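Residue-level listing of the chains:
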Amino acid sequence: MIPFCIPCGKYRVESYGAGLLFPSFSGNSYLELPFFITLDEFTCVPGKEHNRTVTIYLTIKTNTLNGTILYSSEKNTGQQFLHLFLMDGRPTVKYGCGSSHNILTLSANYSINTNAFIPITIRYTIPVGSSQSVCMIEVTADGKPPILKKDTEISHVSQVHFESMYLGHIPEDVKIHKNAGHVYGFNGCIQELQVNNKEFFIIDEALRGKNIENCHVPWCARHLCHNNGTCISDSENWFCECPSLYSGRMCQFATCENSPCGNGATCVPKSRTDSLCLCPYGRSGLLCTEAVNITQPRFSGTDAFGYTSFLAYSRIPDIGFDYEFHLKFQLANNHSALQNNLIFFTGQKGHGLDSDDFLAVGLREGSVVYTYNLGAGTASISSDPLDLSLGIHTVRLGRFFQMGWLKVDDHKNKSIISPGRLVGLNVVSQFYVGGYSEYTPDLLPHGADFKNGFQGCIFTIQVRTEKNGHFRSLGNPEGHPDAGRSISQCDVSPCSLMKCSNGGTCVESASTVHCDCLPGWKGELCTETVSTCDPEHDPPHHCSKGATCVSMPHGYTCSCPLGTTGIHCEQALSISDPSFRSHELSWMSFASFRIQKKTHIQLQFQPLSADGILFYVAQHLKAQSGDFLCISLVNGSVQLRYNLGDRTIILETLQKVTINGSIWHVIKAGRVGAEGYLDLDGINVTEKANAKMSSLDTNTDFYVGGMPSLNLVNPMSIANEPTGFQGCVREVIINNQELKLTELGAKSGANVGDCDGTPCGYKVCRNRGECIVNGTTFSCKCLPHWTGNTCNQSVHCSNNLCLHQSLCIPDQSFSYNCFCALGWVGKYCENKTSFSTAKFMGNSYIKYIDPDYRMRNLQFTTISLNFSTTETEGLIVWIGKAQKEENDFLAIGLHNQSLKIAVNLGKSISVPMIYSNGTFFCNKWHHVSVIQNQTVIKAYLDNNLILLEDTDPHKKFVDLNYDGISYLGGFEYGRKVNTVTQEIFKRDFVGKIKDVFFQDSKKIELIKSEGYNVFNGDEQN
C-alpha cells in the first residue's frame, strides 16, 4: 500500500451548531471546497519524483441512479480534470491526466444501493515532468475489489493545479472539460470527504454553495419514544413530545408535578405522593440544600429511576488526531460495578448511528474496554481481566491518527488500527465521566452503548493532546465540571447527616439520600401518616379509574368525572340537562373563546338553593385573577359582577328566584365595553359605567355551576364565601354560541348529574318536538313538517330534488328552495351557467381561497373590485377567517348609505373608517380599491383617494393574518353577517360584483371559487 501524505498546515476543527450536520443535494445544489493549491504543499511524497498519488475517500447516499458526485479541473490549461459520477447506478470516473488524448475512463460493473451510505475510494497519480510518468486511476465502492486503468504513453505534463473541487453539481461559471462526460445534478447526501490524510469538514470548509440542506435521516424509524411519547423529526434531529409528568429525550423519566427540590435538583416521584431529589454536583441532602466539597468524586451508576450519576466537563477541543489519557479509579464493592459500565464518553450528537465519531472507555465483564470511531467504523481494545485484589486501578490510553493503544495496571500494552481511511476524531459533545446526562444506551453510538454507569471512585483523569505536552485535568478552568448529578465525596456517607423517624431506614446513592418508610408512614423523614387515598394505604381505595379519591375524617369519598356516577363512580351516566350539587364541588368547564369587546350570556336554570356560582370566567385561574366576569345567586337574587382592570361593577336583580325547583328562570346578562346589563325573567337592570377600561381579557375556561376549587375564585367576584350552585341548568348561550351541556360537549367537570335522570333534555328534540323516554334512550315525536331522530330535518327536504351538491332550504310555505353551488342555476340547480359578473341576492356568498397565501408578504395587501347595488347596507368583501372575534380581517361594505372600511391586525382592535360623500344605492357601477401597508390604510373610490389613515402609529401589529380566506357578499348559510362581523355590517350584499383583483394583477375567476346562490350578473338590467 502506498502511504498517505500529510499536507502542511493546521487542520480545521468542525464547528457544529449552525444547523447543518452533513449536506444533502437536491439536483440543483452544489458545494465548492478548496483542493491542494500546489504539490509543494506535501511534506512527504511516496515513490519516485515522477509520480505522486492522491487518494480521495468519501461516503455517499444517493436517491437516484445518475449524478455528479465530485468534479475538479486544473486551472491553468484546463487539460487535467477529475470527474466522479454515477451512471445508471454505477460509480464512474473520468480522469484527464495530460493532453486531450490522455483521458482515462473507469466504470464499475455493479450498481450501488440507493438510500444507504456507501464508501467510495479513488486513487490517481499526478505525473510530474518525466518520460517515466504514468497516468493511473483506481476506484472501489462498497467494499468491492478495486478496478484500475493506466496510460504510460503520455507527453510532458506541467505541474497540476487543482484549486477547487465541486460536490453535487458544477456551477455555471465553471468551465467543464469537453470530455468530462455527462453532468447531472446529484440527488443525495455526502457524509465524509478525505483527501489523503486531510479530512474535510464539508460544511465548515465550503467556499460557497447553493441550495444545501441537511441530510434527512429517518430518526423516528429507529427511536421509539417511551410512555406514549410522540416522535417528531426533521432533517437534523429528532425528539419525543412527552405526555404530562414524563420527560427525557425518550420520555423515559417520570417527573414530579410539583418539585420541592432546591438548587436545580432533579425531582423523581417515589410514589404518587412522595418524591426524591437527585442532587446536582456540589449539593447533598434530602432537598439538595446542603453544599458539599468534592475532591474525589464517587459515582453510583444507574439508579432505580433510570438516572445515572455523572460529571460533564467542557469539550476537549484538540483531541482530533493525538491524545493520551491517564486514569485512576476504585471500584465499588459489588458485582454490577464490573459488568457493563461506562467510565467516560465524548462524541457527536449521539443518535446511535454507526458513523458517529466517539471516544468511550468502560468496563465489560471484568475488563477495561477502550473504543473509538473516526467515522469509518469502530475500533475496540479490551484489557485482560482486572486483578480485583488491587484497591486502585491505573489506566493509560491514547491514539495517534488511526492507531490506538491501551495499558491497564501492569498488563502488557495493547494496540489497534481503526478501519477505513479517516484519521480525525470529530466530537462536539461535552466530556462525560461516570455516566450520561440522559443515560439510555440507545442515545449513544454503537460501540459506546454500555448498559450502566460507573460505580466507584475516580481519583484522577488527565489528558494531553501533544506527544510531548503536559498532562492537564479536565474542564475549563481545570478540575471544574460544567454540570453533574448524584455525585458524592469518596468515603463520606450522606446518611450520617440525617435520621429517619418511625422506624424508617436511610438509603443513599452517591449524594442522593432518602428514607425507606415502614407501612403506614410516608414523607421525607417518615413523619406523615398514610391517608385512605394514598396509594400506600392498605386496603386501597375503590374509586374507579378517572375518579379522584378525597380523604375524609372517617374514610373517603369519590369525586366522579363527567359521565359517571355512583359511590365509586362505577356507573355510566348520560347528561342532557346537568344538575349540580353544591356540597360535592360540582362543576363543568368548556373551552372558551374571546369575549373581549362584548359579552352576551343567556342562561336557563332551576335553583334549589339561594346561593351559588352559575357562571365564571377570568384572566387567570387564581384568587388574584385579573379581569373576571361572574354570574351568581346571592340570597336569592341574581348578581352580575365584572372587572375590566380598574374597578368591580356590580348589578343585582330586585326580584328573587324560586328555590324549590319548580320554575325555570331565564337570565340575560352581559356588557358592551364597560356598560353592563342584567335581566331576570324579563325585568332589566342596567349599569352605565364610566370605567376607563372597556375590554374583558380572559384566558380561563368557561365554568358553569361551580369551580374545581373554590379557592381559585376571585373574592371580588362574589358577595359572600364562594359556593357552588345547587340545581339544574338547561341552556347557556354566549355571544350566540350555545354550549353543549352534555358529558361529551364539556371539556371537563366533576360530580355532575342529570336533572331528571332521563335522556330527555331541554333541546334534545328540535323544532318543538316532544321527547319520549324509552328506557335508557329516547325518541322524538315531531310536528307535521319535521322529521329525523331529533326533528332536525324538514319533511320537504327529506326527498328533495336539488342537484349538483346544492343545499335544500325549507321555507315558510311548507316547501323548499334549492341554493345552487357556483356554476349551476334553475329551480333544482339543473342548468349549468358561467359568468364573470356575480349577482348576489342577499343570501349569497363566494368564498375565495388564496393559493399563494404562504408566499405572501402579510404586511402588504391590496384588493380592488367593481360593485353596483340598490341597497344602503351590505357586506361587499371580508378578507379573513371570520371564525373568532380576535381573527384578523380587512373588510369593505356599505353601512347607513356610506362606504365603510374596517381592519383588525391584532388584539381584536377593529378600526372602522367611513366615507359618506357619495351615493352608492343607485344601481351604478363603482370601483373601489383598498391598500394595506402595515398599519396604513389607503382607499380609492372611482380612482379618487378617499381615505388615508394610520390605524396604529406605534406599529404594534403590522401583519394581516387572513389565512388565505376571503368572502364576497356574505358568509356560509346560517352565519348571519351582523353576528359574524360583530355588528360592523348589518346584512348580506344585494347587487353585483366583478373585476376582482387580489394581491396581484391577475383577475380572480369567481366562478371557480366556492359559493352558493350566486347568479349570472353579466346581463344588463
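Calculation rules
- Residues numbered from 1 in each chain as written.
- Predicted model: local features only at pLDDT ≥ 70, side-chain atom pairs only at ≥ 80, totals over all residues.
- Heavy atoms only, no water.
- Helix = DSSP H or I, 4+ residues; strand = E, 2+ residues; numbered from the N terminus.
- Rg over C-alpha atoms; globule rule 2.2 N^0.38 Å.
- Buried < 20%, exposed > 50% of the residue type's maximum accessible area, 1.4 Å probe, protein only.
- Contact = heavy atoms within 4.5 Å.
- Areas by Shrake-Rupley, 256 points an atom, 1.4 Å probe, with all protein chains shown as cover.
- Lys, Arg positive; Asp, Glu negative; His and termini not counted.
- Charge placed at Lys NZ, Arg CZ, Asp CG, Glu CD.
- Core = buried A, V, L, I, M, F, W, Y, C linked by side-chain atoms within 4.5 Å.
- Polar contact = N/O pair within 3.5 Å; in protein donor to acceptor, adjacent residues only side chain to side chain.
- Pairing = 2+ DSSP bridges.
- Axes fitted to C-alpha atoms, helices over the stretch in contact; angles between N-to-C directions.
- Disulfide = S-S within 2.5 Å.
- Phe/Tyr/Trp six-rings, centres within 6.5 Å; stacked < 30°, edge-to-face > 60°.
- Lys NZ or Arg CZ within 6 Å of the ring centre and 35° of its normal.
- Salt bridge = Lys/Arg side-chain N within 4 Å of Asp/Glu carboxyl O.

Peer 1: Just to check I follow, could you spell out the overall build of the protein for this structure?
Peer 2: A count of helices and strands for the protein gives four helices and 84 strands. Taking 31 Å as the expected radius of gyration for a compact globule of 1021 residues, we find that the protein reaches 39 Å, considerably beyond that expectation. Principal-axis analysis of the C-alpha atoms places the extent of the protein at approximately 110 × 90 × 55 Å. When each of the 1021 residues of the protein is scored for burial, the buried share is 51%. If you take every contact in the protein between residues at least 6 apart in sequence, the share linking residues at least 24 apart comes to 64%. For the protein, the exposed surface amounts to about 46400 Å²; the carbon and sulfur share of it is 49%. For the protein, the centre of its 83 positive side-chain charges and the centre of its 95 negative side-chain charges are spaced 4 Å apart.

Peer 1: Where do I start with unusual backbone geometry in this structure?
Peer 2: Trans is the common state for peptide bonds, and a negative phi is the common state for residues other than glycine. Note the cis peptide between Asn476 and Pro477, where omega equals 5°. Its location among the elements puts Pro477 in the loop between strand S37 (472-473) and strand S38 (483-485). With an omega of 5°, the peptide bond between Asp538 and Pro539 qualifies as cis. Examined against the element boundaries, Pro539 turns out to sit in the loop between strand S43 (528-529) and strand S44 (548-552). Within the chain, Cys251 stands out as a residue other than glycine whose phi angle is a positive 55°. Its location among the elements puts Cys251 in the loop between strand S18 (246-247) and strand S19 (253-254).

Peer 1: Before we go on, may I ask you to explain the environment of Cys549 in this structure?
Peer 2: Following the sequence through the fold, Cys549 ends up in strand S44. For the pair Cys549 and Arg298, spaced 251 residues apart in sequence, the C-alpha to C-alpha distance is 42 Å. Cys549 has contacts with Cys533, His541, Cys543, Tyr556 and Thr557, leaving out every residue within four places of it along the chain.

Peer 1: What's the story with the nonpolar core in this structure? I'm lost.
Peer 2: Nonpolar side chains in soluble globular proteins tend to be buried together. Residues Leu865, Phe867, Leu899 and Val930 are the most contacted members of the largest nonpolar core, which totals 41 residues. Residue contacts for Val930: discarding those within four places in its chain leaves Thr861, Thr862, Ile863, Leu890, Ile892, Ile901, Ile937, Lys938 and Ala939.

Peer 1: When you look at the side chain of Asp534 in this model, what are you seeing that I'm missing?
Peer 2: Tracing the backbone shows Asp534 in the loop between S43 and S44. Its relative accessible area of 7% is what places Asp534 among the buried residues. Reaching out from Asp534, the side chain makes a polar contact with the backbone nitrogen of Ser531 at a distance of 2.8 Å.

Peer 1: What should I look at first to understand the sheet that holds strand S51 (residues 612-618) in this one?
Peer 2: Strand pairing in a sheet relies on backbone hydrogen bonds, with the paired strands running either antiparallel or parallel. Here seven strands make up an open sheet; going across it, the order is S54-S53-S52-S51-S58-S49-S61 and the pairing antiparallel. In the strand order of this sheet, the two ends are held by strand S54 (648-652) and strand S61 (748-750), each with one partner. Across the sheet, the axes of successive neighbouring strands diverge by a mean angle of 10°, strand direction being ignored. In this sheet, S54 lies alongside strand S53 (residues 637-643) in antiparallel orientation, the contact comprising five bridges. Paired with Arg641 across the two strands is Ile650, which belongs to S54.

Peer 1: Is there a simple way to explain the state of the cysteines in this structure?
Peer 2: Structurally, a disulfide amounts to a covalent bond that connects the sulfur atoms of two cysteines. On inspection of all chains with the given rule, the structure shows 19 disulfides. Between the sulfur of Cys728 and that of Cys755 lies a disulfide, 2.1 Å long from S to S. In this structure, the disulfide formed by Cys728 and Cys755 twists by about 95° around the S-S bond and is classed as right-handed. Of this pair, Cys728 sits in strand S59 (residues 727-734) while Cys755 is found in the loop between strand S62 (753-754) and strand S63 (770-774), placing the two residues 27 residues apart along the sequence. Disulfide pairing places Cys782 opposite Cys791 at an S-S distance of 2.1 Å. An S-S torsion of about -90° defines the bridge between Cys782 and Cys791 as left-handed. Note on Cys630: no disulfide assigned, nearest cysteine sulfur contributed by Cys728 at a separation of 19 Å. The exposure class assigned to Cys630 is buried, which follows from its relative accessible area of 0%.

Peer 1: What am I meant to see in the sheet that holds strand S79 (residues 936-941) here?
Peer 2: The strand order across the open sheet built from seven strands is S80-S79-S78-S73-S82-S71-S84, with neighbouring strands paired in antiparallel fashion. The sheet is open, and its two edges are formed by strand S80 (944-950) and strand S84 (1015-1016), each paired on a single side. In the sheet, strand S73 (residues 860-869) pairs with strand S78 (residues 926-933) via eight bridges, with the strands oriented antiparallel. Pairing of Ser864 across the sheet is with Ser929, part of S78.

Peer 1: Honestly, the packing of aromatic side chains in this entry has me stumped. Any pointers?
Peer 2: Each pair of aromatic rings is reported with the distance of its centres and the angle of its planes. On inspection of all chains with the given rule, the structure shows 31 aromatic pairs. Where Tyr370 meets Tyr372, the ring centres are 5.3 Å apart and the plane angle is 35°; that geometry is what we call tilted. When the centroid spacing of 5.6 Å and the interplanar angle of 40° are considered together, the rings of Phe615 and Phe702 count as tilted. Residue Phe615 is found in strand S51, and its partner Phe702 is found in strand S58 (residues 702-704); the two are separated by 87 residues along the sequence. According to the relative accessible area criterion, Phe615 is buried, its value standing at 0%. Above the face of the Tyr110 ring, Lys144 is positioned so that its terminal group lies 5.1 Å from the ring centre. Across the ring face of Phe985, the terminal group of Lys900 is positioned such that the distance to the ring centre comes to 5.8 Å.

Peer 1: Sorry if this is basic, but what is going on with the pairing of strand S24 (residues 297-300) here?
Peer 2: Side chains on a regular strand alternate between the two faces of the sheet. Here S24 shows one buried face, formed by Pro297 and Phe299, and one open face, formed by Arg298 and Ser300. Looking at chain direction, S24 and strand S39 (residues 488-489) are connected through two bridges and run antiparallel. When the bridges of S39 are listed, Pro297 appears paired with Gln489. Of the strand pairs in this sheet, S24 and strand S36 (residues 455-464) are connected by three bridges, and their pairing is antiparallel. In the sheet register, Ser300 faces S36, and the bridge partner there is Gln455.

Peer 1: What am I meant to see in the pattern of salt bridges here?
Peer 2: Pairing is possible between side chains that carry opposite charge, provided their charged atoms lie close to one another. Counted according to the given criterion, the structure contains 22 salt bridges. One salt bridge connects Asp850 with Arg856, and the closest N-O pair in it is separated by 2.9 Å. Taken as a pair, Asp850 and Arg856 share a single burial class, namely buried. Overlapping salt bridges, with partners in common, bring together Asp850, Asp852, Arg856 and Asp1000 in one network.

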